[in-house]
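Now for the letters of each chain:
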Number of protein chains: 2
Amino acid sequence: MNKKDIDYTCYLVTDHKDKTNEEILNIIEEALKGGTSIVQIREKTASTKDFYELALKVKEITHKYDVPLLINDRLDIAIAIDADGVHIGQEDMPAQKAREILGEEKIIGVSASTIEEAKKAEADGADYIGTGAVFPTATKDDAPSITKDDLNEITSSISIPTVAIGGITLENAHELKDTGIAGFSVVSAIMSAENPKEASEKLREIFNSQ
Amino acid sequence: MNKKDIDYTCYLVTDHKDKTNEEILNIIEEALKGGTSIVQIREKTASTKDFYELALKVKEITHKYDVPLLINDRLDIAIAIDADGVHIGQEDMPAQKAREILGEEKIIGVSASTIEEAKKAEADGADYIGTGAVFPTATKDDAPSITKDDLNEITSSISIPTVAIGGITLENAHELKDTGIAGFSVVSAIMSAENPKEASEKLREIFNSQ
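Below you will find a few notes about this structure. In this text the structure is predicted, and so the values were computed from the model without any measurement. (Residues numbered from 1 in each chain as written. Chains lettered and ligands numbered in written order. Predicted model: local features only at pLDDT ≥ 70, side-chain atom pairs only at ≥ 80, totals over all residues. Heavy atoms only, no water.)

### With respect to the overall build of chain A
- In terms of helices and strands, chain A carries eight helices and eight strands.
- For 210 residues, the compact-globule estimate of 2.2 N^0.38 gives 17 Å, and the C-alpha radius of gyration of chain A, at 16 Å, lies within 12% of that figure.
- Principal-axis analysis of the C-alpha atoms gives chain A an extent of 40 × 40 × 35 Å.
- Burial status across chain A gives 53% buried among its 210 residues.
- Partitioning the contacts of chain A with sequence separation of at least 6, the portion at a separation of at least 24 is 60%.
- On chain A, roughly 9,400 Å² of surface is accessible, and the fraction owed to carbon and sulfur atoms is 45%.
- Charge-centre separation for chain A: the mean point of 23 positive side chains lies 2 Å from the mean point of 39 negative side chains. (Helix = DSSP H or I, 4+ residues; strand = E, 2+ residues; numbered from the N terminus. Rg over C-alpha atoms; globule rule 2.2 N^0.38 Å. Buried < 20%, exposed > 50% of the residue type's maximum accessible area, 1.4 Å probe, protein only. Contact = heavy atoms within 4.5 Å. Areas by Shrake-Rupley, 256 points an atom, 1.4 Å probe, with all protein chains shown as cover. Lys, Arg positive; Asp, Glu negative; His and termini not counted. Charge placed at Lys NZ, Arg CZ, Asp CG, Glu CD.)

### Considering unusual backbone geometry
- Put simply, A:Gly132 and A:Ala133 share a cis peptide bond, and its omega is 0 degrees.
- With respect to the helices and strands, the residue A:Ala133 is situated in the loop between strand S6 (128-132) and helix H6 (148-157).
- Positive phi is not limited to glycine here, since A:Asp178 has a value of about 60 degrees.
- Relative to the elements of secondary structure, A:Asp178 occurs in the loop between strand S7 (162-165) and strand S8 (183-186).
- Notably, B:Asp66 is not glycine yet its phi reads approximately 55 degrees, a positive angle.
- Here B:Asp66 lies in the loop between helix H2 (48-64) and strand S3 (69-72).
- The exposure class of B:Asp66 is exposed, given its relative accessible area of 70%.

### Side note on the environment of B:Ile146
Residues and elements named next belong to chain B.
- Looking at the secondary structure, you find Ile146 in the loop between strand S6 (128-132) and helix H6 (148-157).
- When its relative accessible area of 8% is taken as the criterion, Ile146 is described as buried.
- Sequence separation of Ile146 and Val134 is 12 residues, and the distance between their C-alpha atoms is 5.5 Å.

### Observations concerning the interface of chain B and chain A
- Contact with chain B, which involves 18 residues of that partner, is made by 18 residues of chain A.
- Around 1,600 Å² of area is buried between chain B and chain A when both sides are counted, 62% of it from carbon and sulfur atoms.
- Summed over the shared surface of chain B and chain A, the result is two salt bridges.
- Here A:Arg74 ties to B:Asp76 by a salt bridge, and the two come within 3.9 Å at their closest N and O atoms.
- Here chain B is connected to chain A by 10 residue pairs in polar contact (both at pLDDT 80 or more).
- Residues that form the side of chain B that touches chain A fall into these classes: eight nonpolar, three polar and seven charged. (Buried area = accessible area lost by both parts, 1.4 Å probe. Salt bridge = Lys/Arg side-chain N within 4 Å of Asp/Glu carboxyl O. Polar contact = N/O pair within 3.5 Å; in protein donor to acceptor, adjacent residues only side chain to side chain. Nonpolar A, V, L, I, M, F, W, Y, C, P; charged D, E, K, R; others polar.)

### Here we look at the pattern of salt bridges
- On inspection of all chains with the given rule, the structure shows 26 salt bridges over all chains.
- Between A:Arg204 and A:Asp7 there is a salt bridge, with the nearest N and O atoms lying 2.8 Å from each other. Residue A:Arg204 is found in helix H8 (residues 196-208), and its partner A:Asp7 is found in the segment before strand S1 (10-13); the two are separated by 197 residues along the sequence.
- By relative accessible area, A:Asp7 is classed as partly exposed at 27%.
- The closest approach of N and O atoms between A:Asp127 and A:Arg99, which form a salt bridge, is 2.8 Å. Taken together, the positions of A:Asp127 in the loop between helix H5 (115-123) and S6 and A:Arg99 in helix H4 (residues 95-102) put the pair 28 residues apart, joining distant regions of the chain.
- Residue A:Asp127 is classed as buried on the basis of its relative accessible area, which comes to 16%.
- Residues joined by salt bridges that share partners form a network here, namely A:Arg74, A:Asp76, B:Arg74 and B:Asp76.

### Topic: the relation of the copies chain B and chain A
- The two copies are related by a screw operation: chain B maps onto chain A through 180 degrees of rotation and 0.0 Å of translation along the axis, at an RMSD of 0.0 Å. What the rotation and shift describe, once combined, is the action of a two-fold rotation axis. Rotation axis and chain B: the residue whose C-alpha lies nearest the axis is B:Asp76, separated from it by 2.3 Å. (Least-squares fit on C-alpha atoms with pLDDT ≥ 70 in both.)

### Focus: the sheet that holds strand S2 (residues 38-41) of chain B
Residue and element names in this part refer to chain B.
- Pairing in this closed barrel of eight strands is parallel, and the strands run S1-S2-S3-S4-S5-S6-S7-S8 around the ring. For this sheet, the mean inter-axis angle between neighbouring strands, taken without regard to orientation, is 25 degrees.
- Both strand S4 (residues 85-88) and strand S5 (residues 107-111) contribute to a ladder of four bridges, which runs parallel. Bridging from a neighbouring strand, Gly85 pairs with Ile107 of S5.
- Across the sheet, H2 is in contact with S2 and S3; its angle to S3 comes to roughly 160 degrees.
- Most of the contacts of helix H8 (residues 196-208) go to strand S8 (residues 183-186), to which it runs at about 150 degrees, and overall it touches strand S1 (10-13) and S8. (Pairing = 2+ DSSP bridges. Axes fitted to C-alpha atoms, helices over the stretch in contact; angles between N-to-C directions.)

Printed below as a string of structure tokens:
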């Protein structure tokens, strides 16, 4: 995979909630059919064994659709399943250390909610940043929130892609027009959608009509 | 470090509880002065960043005393700080995969509470097993408990060292006489000791008088 060709348009972050692994795998596959272009597995309470086993199964699916798979926070899981990369937050492994461990070929994304964090992420070797929350979100209630102006300032302060995250829905995604983002990162808009395939298609449509 | 020379006699597993990092580092240093011969950092709730930063600091101390440092569960932390190895439970990364990732030089310990788990750990490439709980313990209330007979059967079923863990104190450690163990693994007996140096010395004494 050439890192320059990554399509961030429709970026799915998984969320276990009350779902079984089988339900999660079904949702991911449906989402990929609808054009989800990159997947991140986020597991904050699972045991390492359960995380590893789920990640192995998700990789079979993302591999089939030739879509990159990232692991949230856990470099050990990413290494164990040979994922395409990791997404790390400000409370995770320092990005520079993650780059040193994973090497140049792997994708590293960093959560950044200020210009300073965004510039540091870029300097530390991040391939993209995730910025938000751009809308109020129930998934991560401790996430900092940023305005559309903040988002504009952040995307124009760095040369790596910015993915917007936090409370993005089919209803509000269009409001992120002209912010310079590379894509919509969503949890609930796909994970909790009645039709994850359609939700992915619509998110792509909204992004491409910007 | 030659893995054959590892001294498992007095094996300290850290526990954060209400302690600051500074307090933990002090306890570890005192324990090492008293003869603690191997240290495992166990952090089940810390952020990756906090775990990484604590582990870096612990490594400075264990390095000074030339004692191996293992990381519980998290191979990513072990790799990031170049620890001497990991200790993995039955709900962590499969031991075979851990060996594949870490290579032959690193120490891998596996929690095993049955003969089957012990034999599997050995076959999967573990350097030692941790077996317990040999006494009732408040640190891990979900841990399986084993009798002295179980312990005897486990140590005689494998050729790698067995470290006993779970509720071991200065008062009851002598009861593990003639079980074929390679050492006492303790949390509270040192972490909560008034004098961690003395506690380590006494644990060594008890072990060596067996």
